[in-house]
Amino acid sequence: MVQGKVRRIVLLCSAGVSTNLLVRKMEAEAARLGYPCSVSFYPVNEVQEAASFADVMLLAPQAASNLPEIQVKFPNVKSAVIPKDLYATIDADKILDLAQKISGDY
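Residues numbered from 1 in each chain as written. Predicted model: local features only at pLDDT ≥ 70, side-chain atom pairs only at ≥ 80, totals over all residues. Heavy atoms only, no water.

**Some points on unusual backbone geometry**
Most of the time, phi is negative for any residue but glycine, and the peptide bond is trans. Selection rule: Labels follow the DSSP assignment, with helices taken as runs of H or I lasting at least four residues and strands as runs of E lasting at least two, numbered in each case from the N terminus. Exposure classes here rest on a 1.4 Å probe applied to the protein chains alone. A residue is buried below 20% of its type maximum, exposed above 50%, and partly exposed in between.
Here Ile90, not a glycine, exhibits a phi torsion of approximately 50°, which is positive. As for its placement among the helices and strands, Ile90 is situated in the loop between α4 (84-88) and α5 (92-103). Residue Ile90 is classed as buried on the basis of its relative accessible area of 17%.

**Let's talk about the sheet that holds strand β4 (residues 78-81)**
Spelled out, the test is: Only strands that DSSP links by at least two bridges are regarded as paired with each other. The angle between two axes is taken between their N-to-C directions and runs from 0 to 180 degrees, where each axis is a line fitted to C-alpha atoms and a helix contributes only its stretch in contact.
Taken together, four strands build an open sheet; the order of strands is β2-β1-β3-β4 and the sheet is parallel. Two strands lie at the open edges of the sheet, namely β2 (37-43) and β4, each paired on one side alone. Across the sheet, the mean angle separating the axes of adjacent strands is 20° when strand polarity is ignored. Pairing analysis gives four bridges linking strand β1 (residues 7-13) to strand β3 (residues 56-59), with the strands arranged parallel. Its bridge partner being in β3, Val10 is matched across the sheet by Met57.

Here's what the structure looks like:
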């Protein structure tokens, strides 16, 4: 990652209830690790707006069918689907790790 740059991570979901909790947990984990990032969430139908500033977009499992279209429309934004088991358990550590890996931060 470029020194001094804050990685912008966007979670895309269909509802947002558990995703809001995940955002808070990911922010706390990033702070604990000293990883400079911002985490936000958008409904998947607002992907255009989200992609305009995101470095990484992670889709909730229920939005997985949107991934191929997102990867074609927004090739400059890294994107992936959060594995169901990590999303179900709100495993912020491993989901943040996924974001770091796909963004090329390590």
